[in-house]
Amino acid sequence: MKSRYLDISSQTEQLINESLMWDNHACMPLRADDTSFLPQLQQFGDAGVDIVSLNVGFDAVAWDNTPLMLASFRDWIKQHSDDYILVDNIAAIQKAKAEGKLGITFDIEGACALNGQLDMIEKYYELGVRWMLMAYNQNNAVGGGCQDNDRGLTEFGREVLDEMTRTGMVICCSHTGFKTTMEVMEYVNQPVIFSHSNPSSMCKHKRNIKDEAIKACAETGGVIGLNGIGIFLGNNDASVENIVKHIDYVVQLVGPDHVGIGLDYVFDQQEVTDFVKDNPQIFPPEDGYADGIDMLAPAAFPAIVQSLLDLGYVDEDVKKIMGANHLRIATHVWK
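Criteria and cut-off values
Residues numbered from 1 in each chain as written. Predicted model: local features only at pLDDT ≥ 70, side-chain atom pairs only at ≥ 80, totals over all residues. Heavy atoms only, no water. Phe/Tyr/Trp six-rings, centres within 6.5 Å; stacked < 30°, edge-to-face > 60°. Buried < 20%, exposed > 50% of the residue type's maximum accessible area, 1.4 Å probe, protein only. Lys NZ or Arg CZ within 6 Å of the ring centre and 35° of its normal. Core = buried A, V, L, I, M, F, W, Y, C linked by side-chain atoms within 4.5 Å. Helix = DSSP H or I, 4+ residues; strand = E, 2+ residues; numbered from the N terminus. Contact = heavy atoms within 4.5 Å. 1 Å grid on protein atoms, 1.4 Å probe; cavity = no way out; pocket = protein on both sides within 12 Å on 5 of 7 lines; lining within 4 Å. Points joined across faces, edges and corners; volume = space filled by probe spheres on them. Nonpolar A, V, L, I, M, F, W, Y, C, P; charged D, E, K, R; others polar. Arc of directions from axis to C-beta.

Trainee: Please explain the packing of aromatic side chains as it appears in this structure.
Mentor: A full pass over the atoms with the stated rule returns 11 aromatic pairs. On the numbers, 5.3 Å between centres and 70° between planes, the contact of Phe283 with Tyr289 is edge-to-face. Across this residue pair, the class does not change: Phe283 and Tyr289 are buried. Put simply, the rings of Phe58, Tyr136, Phe232, Phe275, Phe283 and Tyr289 touch in pairs and so form one group of aromatic residues. Arg130 extends its terminal NZ or CZ atom over the ring of Tyr125, reaching a point 3.6 Å from the ring centre. The cationic tip of Lys210 hangs over the ring face of Phe178; the distance from NZ or CZ to the ring centre is 4.2 Å.

Following this line, the structure appears as structure tokens:
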């Protein structure tokens, strides 16, 4: 039997159908009055993906845009319930898989969206936000960003971590500075993730993460989600071959229980190009941001599975990497 995926064996297609496929970070335009890009979520479904986390805000935009985005996205998904499910709990994940619908969770890139209010964490959680990272490239009230002079985790940052733990929101250290990251890992007593980060040993970039941080994440029981952004993969090469090299590196370092996928695909390519150009303080041109950013699209998911199998990965480990590890974190942390 021929697979419905290009260059994928029928045996690989069967594995995809049996697996929970999860992309832990994707970016739609953050314009609450514009849902025109949301139908493109079907690219995930066409690639066999079951769950995707959509970004609803980050530190570089006004904090009060985040609740507006949540309202807009949630309303659109409910209006298209034949194809999509809002995922608020583990049962909804299982329902999405069983019914062949795309399950949607939400994430926030940086704690500026709290506006200094701890009670916003629970409000965001109630609206479907299931992970939040500490800082987006630059320092904020919680801690340091990876493109800034990282001063470390603040006292308010510790209060944020405590509240996230109480609420059930997963703690993420992508885009976060090394000092703050290591202090987060030491402080918390639950799994921490890198939702979309690549190893700096494979590609030296301030946005990428050191082996020490990868090991610390794994020691918490966490998961490192590899992204498909060319400048973080190396040579601005957003290819399946390149991301699989990064996946394999992290697996060899900490094992298959601590690796996942967070492609960080941005659907409005022109918007991200313009935003990067207009905000050099967040995306320094000398760090490669000015060269144009190649991205691996959701359609790559089947080819990633095939490539891992071709490398000799056993089915069970492929299932972990493609989604089961994210499910483990959700099961452990979500309330």
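Having seen it, we continue.
Trainee: Where do I start with the nonpolar core in this structure?
Mentor: Most often, soluble globular proteins keep nonpolar side chains buried together rather than apart. Within the largest apolar cluster, 115 residues are counted, with the highest numbers of intra-cluster contacts made by Leu41, Phe106, Ile247 and Met322. Considering every element that reaches this core, the biggest residue donor is helix α10 (residues 240–254), with 7 residues. Every residue in contact with Leu41, bar those within four places of it in the chain, is listed here: Met28, Val52, Leu54, Trp76, Tyr84, Leu102 and Ile104.

Trainee: Explain the side chain of Gln306 here, please?
Mentor: Tracing the backbone shows Gln306 in helix α12 (residues 301–310). What makes Gln306 buried here is its relative accessible area of 13%. Apart from residues lying up to four places away in sequence, Gln306 is in contact with Asp7, Ile8, Ser9 and Thr12.

Trainee: How do you make sense of the layout of surface pockets when you look at a structure like this?
Mentor: In this approach, a probe sized like a water molecule rolls over the atoms, and the result shows the empty space that is left. Within this model, the largest pocket holds a volume of roughly 470 Å³. Lining the largest pocket are 26 residues, with Cys27, Phe58, Tyr136, Val266 and Val272 positioned closest to its centre. Of all the secondary structure elements, the ones that give two or more residues to the lining of the largest pocket are β1 (22–27), β2 (51–58) and α11 (269–278). With 4 residues, the top contributor of residues to the lining of the largest pocket is α11. Residue composition of the lining of the largest pocket, by class: 17 nonpolar, 5 polar and 4 charged. Considering only enclosed or pocket space, the second largest pocket measures out at about 320 Å³ in volume. Taken together, 19 residues make up the lining of the second largest pocket; nearest its centre are Phe178, His205, Lys206, Asn208 and Lys210. Residue composition of the lining of the second largest pocket, grouped by class: 5 nonpolar, 8 polar and 6 charged.

Trainee: I would appreciate a short explanation of helix α5 (residues 119–126) in the present structure.
Mentor: Helical periodicity: at 3.6 residues per turn, an α-helix aligns residues three or four positions apart in one direction. Those residues of α5 that fall on the buried side of the exposure criterion are Met120, Ile121, Tyr124 and Tyr125. Axial view of α5: buried residues confined to an arc of 140°, hence all on one face. The inward-facing, buried residues of α5 contact α3 (65–79), β4 (102–109), β5 (129–133) and α6 (155–167). Backbone geometry just downstream of α5 places Gly128 in the positive-phi region, at approximately 105°.

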